[in-house]
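Working through the structure, step by step
One-letter residues, chain by chain:
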Amino acid sequence: MSLRDFLAWAAGEGQLTTIHRPVNPELEMARVAHALEGRPLLFTDPQRPGWQVAAGVCARREFFAWALGTDLPGIVPRLVEALNNPVAPPLMADAPCQQVVERAPNLGALPILKHLPGDGGPYVTAAVAVIRDPDLGRNVSFHRLMQIGPRAFSARIVEGRGTDTALRKALAAGRGLEIAICLGAPIHVLLAAAMSPAMGVDELAIAQALAPTPLARAVSVDLEVPAECEAILEGRITGQLAGEGPFIDLTETWDVVRQQPVIEIDCITHRRSPIYHALLPGGLEHRLLMGLPREPTIFRAVSEVADCRNVSITPGGMSWLHAVVQIAKNSPDDGRLAIEAAFQGHRSLKHVVVVDDDVDPFDPAAVEWAIATRFQADRDLLVYEDQPSSSLDPSAKLVPGQKARSAKMGLDATIPWLDSRGRRLSQLERDGFHKVRYEPIDLSQYIDGSVDA
Ligand SMILES: Cc1cc2nc3c(=O)[nH]c(=O)nc-3n(C[C@H](O)[C@H](O)[C@H](O)COP(=O)(O)O)c2cc1C
């Protein structure tokens, strides 16, 4: 589903808020988008002729479910399926993203938001970058881009990941790295780009496994791009460095200024009347796009050791540090095994709670109920000291240039199968941990009119 198809769908569902008055991308637009967080927005006049701006496109799990043609519990299985079975995407001619070709581009004509007065500049925040590694093939990932000139960005390129390793190889061979930056990508492409499959696995083949993702050959670089994007910025990552930041990160706290690679843009292609996707840093879209693609990797790891039913990366943990894993328990050790596997499935995970399949992993009160009624800290708590962890956790040990380290904790909040002396509890004893349910009843026989639940 392309971005504009999603917006049309959201409008049809009565979910889209359209703002017709002129809104300035410098500071004003971010304030409006922040105040209306959680709903899809369309700014029809971003004071950049020809463009519109969409926000809030990925702000709720339901939107991912709609875009993938599934329901909420169906999201993780769909992602696992796609991760396990990537499909090479087809090429198409006459791509929508190339309806207009500008060979003398000016980034100032785009509605690139400056979010806060302290930002280093206007920032592209929903940029999906396509590059090619000479050994590993195509890599697709997000990179925030600070505009530093009419044709230049400084890009945050995290060390050791796909773009960084390919760039190092290109620079060692004495050249820059060709890049195609996709703006207004379809939601399933955003999801695939946010995944970190094994090096060499093509994220666009994961996208194709999620939903049709026809590709187009870029105009000025030797790369292919998702044809249904709104716009593509084509150019090169150079060996030159420039300051990137300040900017707020997932934690909604200031990230430091770093010397980062400069990207030069040589050509812009776009649809007629393109829509720019603005993603609020630290907002719901940012958090969901970070966390949701880790749910299938945890699911996959836990499935190796137990019967995993679902995984939820919870919003309270910045959609990054905390997860709830739901299992159907088949042996006394399954909870502990699931904890260990979850940490393998998402290396930045800090705390995990494992629950049985009668507990909704997406309902914080239900998870807390399981901890309250099934968990004993001296028996069911696993603590791991001094582990490699997430640099996004301000309480971790953070030494510049080194991997962050922190303690990690797993809570096995599943029904215990053994008592304190190691005796296996009978099925009847274990059933005693289930919530007692009332039989449903037809209230219309007792009360006239509708009843609020
Ligand atoms: C909204 C969003 C913004 C991101 N911004 C950056 C960024 O600025 N720089 C970066 O290196 N990674 C960023 N990431 C993470 C990369 O997309 C992620 O690390 C990617 O999956 C790396 O994959 P790779 O190892 O295949 O290159 C961001 C992710 C999301 C969801």
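The structure reproduced in this document is the subject of the present report.

Procedures and definitions
- Residues numbered from 1 in each chain as written.
- Predicted model: local features only at pLDDT ≥ 70, side-chain atom pairs only at ≥ 80, totals over all residues.
- Heavy atoms only, no water.
- Near = heavy atom within 4 Å.
- Polar contact = N/O pair within 3.5 Å; in protein donor to acceptor, adjacent residues only side chain to side chain.
- Areas by Shrake-Rupley, 256 points an atom, 1.4 Å probe, with all protein chains shown as cover.
- Helix = DSSP H or I, 4+ residues; strand = E, 2+ residues; numbered from the N terminus.
- Buried < 20%, exposed > 50% of the residue type's maximum accessible area, 1.4 Å probe, protein only.
- Lys, Arg positive; Asp, Glu negative; His and termini not counted.
- Salt bridge = Lys/Arg side-chain N within 4 Å of Asp/Glu carboxyl O.
- Contact = heavy atoms within 4.5 Å.
- Patch = residues over 30% accessible without salt bridge, like charges linked within 9 Å, V, L, I, M, F, W, Y side chains within 5 Å.
- Disulfide = S-S within 2.5 Å.
- Phe/Tyr/Trp six-rings, centres within 6.5 Å; stacked < 30°, edge-to-face > 60°.
- Axes fitted to C-alpha atoms, helices over the stretch in contact; angles between N-to-C directions.
- Parallel < 35°, antiparallel > 145°, perpendicular 65-115°, else oblique.
- Left-handed = near helix turned anticlockwise from the far one by under 90°.
- Nonpolar A, V, L, I, M, F, W, Y, C, P; charged D, E, K, R; others polar.

Next up on the list: the site of the ligand. In the neighbourhood of the ligand, 18 residues make up the surrounding shell, with Arg144, Arg156, Val158, Arg161 and Met195 lying closest. Interatomic distance of 3.3 Å between a side-chain N/O atom of His143 and an oxygen atom of the ligand. Here a nitrogen atom of the ligand sits 2.8 Å away from a polar atom, N or O, in the main chain of Arg156. The protein chains hide 90% of the 640 Å² of surface that the ligand would expose on its own.

With respect to the helices and strands, Arg430 occurs in helix 13 (residues 427–431). Despite its burial, Arg430 pairs with no opposite charge; the closest candidate is Asp431, at 6.4 Å N-O. When sequence neighbours within four positions are dropped, the list of residues in contact with Arg430 reads Ile415, Pro416, Trp417 and Leu425.

Right, let's talk about helix 5 (residues 162–172) for a bit. Buried within helix 5 we find Gly162, Thr163, Asp164, Ala166, Leu167 and Ala170. Buried-residue contacts for helix 5 involve strand 6 (128–133), strand 7 (137–142), strand 10 (177–183), strand 13 (231–244) and strand 16 (258–270). At the C-terminal side of helix 5, Gly174 shows a positive phi close to 85 degrees.

Residues Ile441, Leu443, Tyr446 and Ile447 make up a contiguous nonpolar surface patch of roughly 420 Å² in combined accessible area. Within the secondary structure, Tyr446 sits in the segment after helix 13. The exposure class assigned to Tyr446 is exposed, which follows from its relative accessible area of 57%.

All right, on to the state of the cysteines then. This model, assessed by the stated rule, comprises zero disulfides. With no disulfide of its own, Cys58 lies 13 Å from the sulfur of Cys229, the closest cysteine sulfur. With relative accessibility at 0%, the residue Cys58 sits in the buried group. Cysteine Cys267 remains unbridged, with the sulfur of Cys97 as its closest cysteine sulfur at 11 Å. For Cys267, a relative accessible area of 1% translates into the label buried.

All chains considered together, the criterion is met by five aromatic pairs. For the ring pair Phe6 and Phe63, a centre distance of 5.6 Å and an interplane angle of 65 degrees mean the geometry is edge-to-face. Linking Phe6 in helix 1 (residues 3–12) with Phe63 in helix 3 (residues 61–68), this pair joins segments that are 57 residues apart in sequence. Comparing Phe6 with Phe63 shows no difference in burial state: the two are buried.

What follows concerns the packing of helix 9 (residues 294–303) against helix 10 (residues 334–345). Two elements in contact, helix 9 and helix 10, have axes separated by 8 Å at closest approach and are oriented at 140 degrees. With respect to each other, helix 9 and helix 10 are oriented oblique. As helix 9 packs across helix 10, the resulting crossing turns out to be right-handed. Residue-level inspection shows Thr297, Ile298, Ala301 and Val302 of helix 9 in contact with helix 10, the latter providing Ala338, Ala341, Ala342 and Gly345. Looking at the contact of helix 9 with helix 10 residue by residue, the class counts come to six nonpolar, two polar and no charged.

Honestly, that's just the spatial picture; any functional story needs more than this.
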